[in-house]
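Residue strings, one per chain:
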Number of protein chains: 2
Amino acid sequence: MQILLTLAYDGTNYGGWQRQKNAVTVQQRLEEALESIFGDPIRAAGASRTDAGVHALGQRASFFIEENRIPMGKLPIVINSYLPSDIAVSCAQQVPDAFNPRFDAKEKTYEYRIWYAKFPNPLQRITSLFHPYELDVGEMKKAASAFVGEHDFSAFCSAGTLVKSRVRKVFECRVDEAAPILTFTVRGDGFLYNMVRIIAGTLLYVGQGKIKAEDAPYIIESRNRALAGKTAPPQGLTLLEIKY
Amino acid sequence: MQILLTLAYDGTNYGGWQRQKNAVTVQQRLEEALESIFGDPIRAAGASRTDAGVHALGQRASFFIEENRIPMGKLPIVINSYLPSDIAVSCAQQVPDAFNPRFDAKEKTYEYRIWYAKFPNPLQRITSLFHPYELDVGEMKKAASAFVGEHDFSAFCSAGTLVKSRVRKVFECRVDEAAPILTFTVRGDGFLYNMVRIIAGTLLYVGQGKIKAEDAPYIIESRNRALAGKTAPPQGLTLLEIKY
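The rules behind these values
- Counting restarts for each chain, with residues numbered from 1 along the sequence as it is written.
- Chains and ligands are labelled by the order in which they are written, letters from A for the one and numbers from 1 for the other.
- Restriction of local features to residues with pLDDT of at least 70 applies here, the model being predicted, together with a cutoff of 80 or more for giving and counting side-chain atom pairs; totals for whole chains, interfaces and linings are based on all residues.
- As a convention, hydrogens and water are excluded, and side-chain values are obtained from all of the structure's heavy atoms.
- Domain extents, as shown, originate in an automatic or database domain assignment.
- In what follows, a contact means two residues having at least one pair of non-hydrogen atoms within 4.5 Å.
- Each of two parts loses accessible area, computed with a 1.4 Å probe, when they are put together; buried area is these two losses added.
- We count a salt bridge whenever a side-chain nitrogen from Lys or Arg sits within 4 Å of a carboxyl oxygen from Asp or Glu.
- Two N or O atoms count as a polar contact when they lie within 3.5 Å, although within protein this holds only if one can serve as hydrogen donor and the other as acceptor, and sequence-adjacent residues are included solely when both atoms are side-chain atoms.
- Residues are grouped as follows: nonpolar covers Ala, Val, Leu, Ile, Met, Phe, Trp, Tyr, Cys and Pro; charged covers Asp, Glu, Lys and Arg; every other residue, Gly included, is treated as polar.
- For helices the rule is a DSSP run of H or I covering at least 4 residues; for strands it is a run of E covering at least 2, with both sets numbered from the N terminus onward.
- Whenever a helix is involved, its axis is fitted only over the stretch in contact; in every case the axis is a line through C-alpha atoms, and angles between N-to-C directions fall within 0 to 180 degrees.
- Between 65 and 115 degrees an angle is taken as roughly perpendicular, under 35 as roughly parallel, over 145 as roughly antiparallel, and anywhere else as oblique.
- Crossing handedness: left-handed means the near helix sits turned counterclockwise from the far one by under a right angle, and right-handed means the same turn made clockwise.
- Buried residues are those whose accessible area, probed at 1.4 Å on protein chains only, stays under 20% of the maximum for their type, while exposed residues exceed 50% and partly exposed ones sit between those limits.
- One requirement defines pairing of two strands: DSSP has to find at least two bridges between them.
- The fit set for superposing copies consists of C-alpha atoms from residues with pLDDT of at least 70 in both; the fit itself is least squares.

Asks: Before we go on, may I ask you to explain the domain arrangement of chain A in this structure?
Replies: How big an interface is tends to be reported as the loss of accessible area on association of its parts. Residues and elements named next belong to chain A. One can read the domain layout of chain A as domain 1 (2–95) and domain 2 (107–243). Using C-alpha coordinates to define each centre, domain 1 is positioned 27 Å away from domain 2. Each partner contributes residues to the interface: domain 1 has 15 residues there, and domain 2 has 15 residues. Around 1,100 Å² of area is buried between domain 1 and domain 2 when both sides are counted, 54% of it from carbon and sulfur atoms. Contact with domain 2 buries area across many residues of domain 1, yet D51, V54 and H55 alone supply 41% of it, more than any other trio. Taking the shortest distance from any N to any O, the salt bridge between D51 and R197 comes out at 2.8 Å. Applying the counting rule to domain 1 against domain 2 returns 11 residue pairs in polar contact (both at pLDDT 80 or more). A per-class count over the side of domain 1 that touches domain 2 returns 5 nonpolar, 7 polar and 3 charged.

See the structure below:
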């Protein structure tokens, strides 16, 4: 049987979701917990390969086991008792064997947070980017709307990204200010590698006047990574939700 | 001259505000930073001796120096460049030599946060207490109002607290729910050792039905520490503001 988990994590101390040789990752910690519970080595397939330092509130990951004797409603609590405090499962549900947490995802929502104030807030440093310089939030809001729709997002993915198609559909791209916090929300049918962080970096460039809001559509059209902004640092990014 | 600082910190990795032998403290880190800048050993006098693990957004601390050649507006940035990322100064101002940051405080505001949900949120774990069990928030709100006014708070301070008077005036004591976060706000002319955490623990007992809301006034009157709730864990507590 296949079990789908919803999980949250503080990505600060991890080398991202996916297992690697030289860093502890969330996938590794989750697989270790599952192995402790079920005995056998278990592979957990994640829906999104979040980068090092990126957080999640609604990541999904599934795994197969022969038999589960733990009531599904109690499974999150049992798994959490084997996980460190910076990772937590909030839901477990059985899904058909043919279900694929990555390819069956219909919609993903990410949030990028900026602590937009003159002085840093140590209590916000883990979940936001500190930006003490002036931003034109109105221009950023205008630029954000350009990302909505179906586009080839080649200008917004890291060079060397190997994918069949770089066309993605963005349903929503929004800038909200609740001073001193600025939030970018991006919702789409999927995202290329680093795409949300490059969109965030581009919106920051617009706020700083380095890119004009009205040029955003042309940067998308250009498919030229060099025209977009810098990849924004990971700590501001949180994977909020995945819908199937 | 005396300089008064406003500072924020994530208390997670500190043994509280005050210098001690066996733990790194916020006072120590601040004094080390000031010494690096001004050359001489400097003692920073804090307004509140926050406990180990307690956070601050508006702590105040002052220090004396012979001469300050750094423009006052730039001083926070200079000090922050010598501080770790979990401590940050947001304001520096000159005050008269007779000013005492602790005894001249007229009003302090503390906030206690609870992540009141079935499953933990790793992104909230540093600044809130995780409480997955049912609470009667209505009763907690009723009980909170009992703390307002001038009372002898002996029932709400740790045994062995050496102070002349245990009478304090609470201006406001409020429970707010913005699901899934529950916030207790307490504002008063001063607080005894552990007082806010014992009030928080008592409100939690009321929410759990272990103490009746209508008994709160009698527990205050009793001056008996044994009748109040447990001291709530430190990570939920933040010193928000001090007024002079």
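Asks: Is there a simple way to explain the interface of chain A and chain B in this structure?
Replies: Taken together, the 23 residues of chain A in the interface contact 23 residues of chain B. Counting the surface lost from both chain A and chain B, the interface buries some 1,800 Å², and carbon and sulfur atoms represent 72% of this. Summed over the shared surface of chain A and chain B, the number is 2 salt bridges. Where D10(B) meets R125(A), a salt bridge forms, and the shortest distance between an N and an O atom there is 2.9 Å. Of all the secondary structure elements, the ones that give two or more residues to the side of chain A that touches chain B are β1 (2–9), β3 (55–64), α2 (75–80) and β4 (87–95) of chain A. With 4 residues, the single largest contributor to the side of chain A that touches chain B is β4(A).

Asks: Looking at this model, I keep getting lost on the packing of helix α3 (residues 137–145) of chain B against helix α4 (residues 195–207) of chain B. Mind explaining?
Replies: A pair of packed helices is captured by two measures, namely the crossing angle of their axes and the spacing between those axes. All names here are of chain B. Orientation of α3 relative to α4, taken along the N-to-C sense of each, is 140°, at an axis distance of 8 Å. Compared by their axis directions, α3 and α4 come out oblique. At the point where α3 passes α4, the crossing takes the right-handed sense. Within the contact between the two elements, α3 uses E139, M140, A143 and A144 and α4 uses L203, L204, V206 and G207.

Asks: Looking at this structure, how should I read the side chain of T183(A)?
Replies: Note on placement: T183(A) falls in strand β9 (residues 181–188). Once residues within four sequence positions are removed from consideration, T183(A) is found in contact with E111(A), Y112(A), R113(A), R174(A), V175(A) and D176(A).

Asks: What is the right way to look at the pairing of strand β5 (residues 107–115) of chain A in this model?
Replies: Remark: a regular strand shows side chains that alternate across the two faces of the sheet. All names here are of chain A. Of all 9 residues in β5, 8 are buried; the element is thus mostly enclosed. Two strands pair when backbone bridges link them, and β5 and strand β10 (residues 237–243) are joined in this way by 6 bridges, in the antiparallel orientation. Pairing of T109 across the sheet is with E241, part of β10. Across 8 bridges, β5 lies against β9 in antiparallel orientation.

Asks: When you look at the environment of V89(A) in this model, what are you seeing that I'm missing?
Replies: By the secondary structure assignment, V89(A) is in strand β4. In the structure, V89(A) is positioned 30 residues away from Q59(A) in sequence and 9.3 Å away in space, judged by C-alpha atoms.

Asks: When you look at the relation of the copies chain A and chain B in this model, what are you seeing that I'm missing?
Replies: Both copies of the chain are placed relative to one another by a rotation about an axis and a shift along it. When chain A is fitted to chain B, the best match, at an RMSD of 0.0 Å, comes from turning it 180° and sliding it 0.0 Å along the axis. Read as a symmetry element, the transformation amounts to a two-fold axis. Looking at chain A, 100% of its interface residues are interface residues in chain B too, so the copies touch through the same face.

Asks: What should I look at first to understand the environment of T12(A) in this one?
Replies: All names here are of chain A. Among the secondary structure elements, T12 is positioned in the loop between β1 and α1 (26–38). Exposure remark for T12: the relative accessible area of 40% places this residue in the partly exposed category. Put simply, T12 and T127 are 115 residues apart on the chain and 8.8 Å apart in space, counted from C-alpha to C-alpha. When residues no more than four places from it in sequence are discounted, the contact partners of T12 are G53, H55 and I126. A distance of 2.5 Å separates a polar atom in the side chain of T12 from a polar atom in the side chain of D10.

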